[in-house]
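If you want the building blocks of each chain, they are given just below.
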Amino acid sequence: MIKLFKVKEKQREIAENNNGKSPVKKQSAGELRLHRDISELILPKTCTIAFPNGKDDLMYFEVTIRPDEGYYLGGTFLFSFQVSPIYPHEAPKVKCKTKVYHPNIDLEGSVCLNILREDWKPVLNINTIIYGLFHLFTQPNYDDPLNHEAAAVLRDNPKLFESNVRRAMAGGYVGQTFFTRCT
């Protein structure tokens, strides 16, 4: 019982030393792991990371991917990452903020990447996800689509798919859907 009072007394003392402010918030295990993942990032040269809420909020960040080959060459695609406090036991929530004509990204920005769903394991990290996203732009997959129309065009008529991607990236309509310029 005496130890409990000493802990409370120590907390009060720390608060007083911080001019009445509460002590510095203790980081969760997820925040600690994320901090390590970010400090060990080895991004492809065409990817950048930004923290729109400042470096104090590592649990939300954005990654920009600029493919240097394939159908999406010359495009700029922004992804948001929202990381749970129980990371790495739960995969980050990743959304594409750039509207894109892609078989594995729907028009609302949901991303179909197996490691963000059923194949997520705690040994995976942010670097793995970024490389997975980068790979979606160099090798789009029509076998596991979110945008079924784009997947069918890629599978059945790759030249038309390429034309649709170019039109969407330049800022125009593909079918009834308008895409803003992303080049």
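Keep in mind that what you see is a predicted model, and the values were worked out from it rather than measured. Residue positions are counted from 1 within each chain, in the order its sequence is given. For this predicted model, a pLDDT threshold of at least 70 governs which residues receive local features, and a threshold of 80 or more governs which side-chain atom pairs are given and counted, while totals over whole chains, interfaces and linings are taken from all residues. To obtain the side-chain values, all non-hydrogen atoms of the structure were included, while hydrogens and water were left out.

**Looking at the overall build of the chain**
Runs of H or I in DSSP of at least four residues are treated as helices and runs of E of at least two as strands, each being numbered from the N terminus. Within the chain one finds five helices and six strands. Written out in order from the N terminus, the α and β elements of the chain read α-α-β-β-β-β-α-α-α-β-β. In the chain, buried positions account for 43% of the 183 residues. Contacts: residue pairs with any heavy atoms within 4.5 Å of one another. Residue pairs at least 24 apart in sequence account for 54% of intrachain contacts in the chain once pairs closer than 6 positions are excluded. Note on areas: these come from Shrake-Rupley sampling with a 1.4 Å probe, and a residue is covered only by the protein chains present in the view. Carbon and sulfur atoms form 54% of the exposed surface of the chain, whose accessible area is close to 10,900 Å². Relative accessibility under 20% of the residue-type maximum defines a buried residue, over 50% an exposed one, and the middle range a partly exposed one, all with a 1.4 Å probe and only protein chains included.

**Notes on the sheet that holds strand 3 (residues 77-82)**
Strand order across the open sheet formed by four strands is 1-2-3-4, with antiparallel pairing between neighbours. Two strands in the sheet have a free side with no partner beyond their single neighbour: strand 1 (47-50) and strand 4 (93-96). Taking each pair of neighbouring strands and ignoring which way they run, the sheet shows an average axis angle of 20°. Here strand 3 runs beside strand 4; their pairing, made up of four bridges, is antiparallel. Across the sheet, the residue bridging to Ser-80 is Lys-95, located in strand 4. Whether two strands pair depends on DSSP finding at least two bridges between them. Throughout, an axis means a line fitted to C-alpha atoms (over the contacting stretch in the case of helices), and angles, computed between N-to-C directions, take values from 0 to 180 degrees.

**Some details on the UniProt feature "active site" (unreviewed entry) in the chain**
UniProt positions are given in the numbering used here, feature names are shortened, and annotations may be inferred rather than shown by experiment. Within the UniProt annotation, "active site" (unreviewed entry) is assigned to Cys-112. Mapped onto the fold, Cys-112 is located in the loop between strand 4 and helix 3 (126-138). For Cys-112, a relative accessible area of 5% translates into the label buried.

**Quick look at the side chain of Ser-84**
Inspection of the secondary structure assignment puts Ser-84 in the loop between strand 3 and strand 4. Classification of Ser-84 as buried rests on a relative accessible area of 14%. Within the structure, Ser-84 has its side chain in polar contact with the side chain of Glu-90 (distance 3.5 Å). For Ser-84, the residues in contact, after removing those within four places along its chain, are Met-59 and Glu-90. What qualifies as a polar contact is a pair of N or O atoms within 3.5 Å, subject to a donor-acceptor requirement within protein and to the restriction that residues adjacent in sequence count only when both atoms come from side chains.

**Comments concerning the pattern of salt bridges**
We define a salt bridge as a contact between a side-chain nitrogen of Lys or Arg and a carboxyl oxygen of Asp or Glu at a distance within 4 Å. Scanning the entire structure with this criterion turns up eight salt bridges. Salt-bridge contacts for Lys-97 lead to Glu-62; the nearest nitrogen and oxygen are separated by 2.7 Å. Note that Lys-97 is positioned in the loop between strand 4 and helix 3 and Glu-62 in strand 2 (residues 60-65), a separation of 35 residues in sequence. Salt bridges here are not isolated pairs; linked through shared partners, they connect Arg-117, Glu-118 and Asp-144.

**Points about helix 4 (residues 148-156)**
Of all the residues in helix 4, the buried ones are Ala-150, Ala-151, Val-153 and Leu-154. Buried residues in helix 4, looked at end-on, bunch into an arc of 165°, giving them a common side. Helix 4 presents His-148 and Asp-156 as exposed residues on the side facing more than 90 degrees away from its buried surface. Considering only its buried residues, helix 4 is in contact with helix 5 (158-170). The opening residue of helix 4 is Asn-147, an N-cap whose side-chain oxygen sits 3.3 Å from the backbone nitrogen of Glu-149. This arc is taken over the directions from the axis of the helix to the C-beta atoms.

**Considering the side chain of Asp-37**
Mapped onto the elements, Asp-37 comes out in helix 2 (residues 29-39). Residues within four places of Asp-37 in sequence aside, it is in contact with Tyr-87, Asn-125 and Ile-126.

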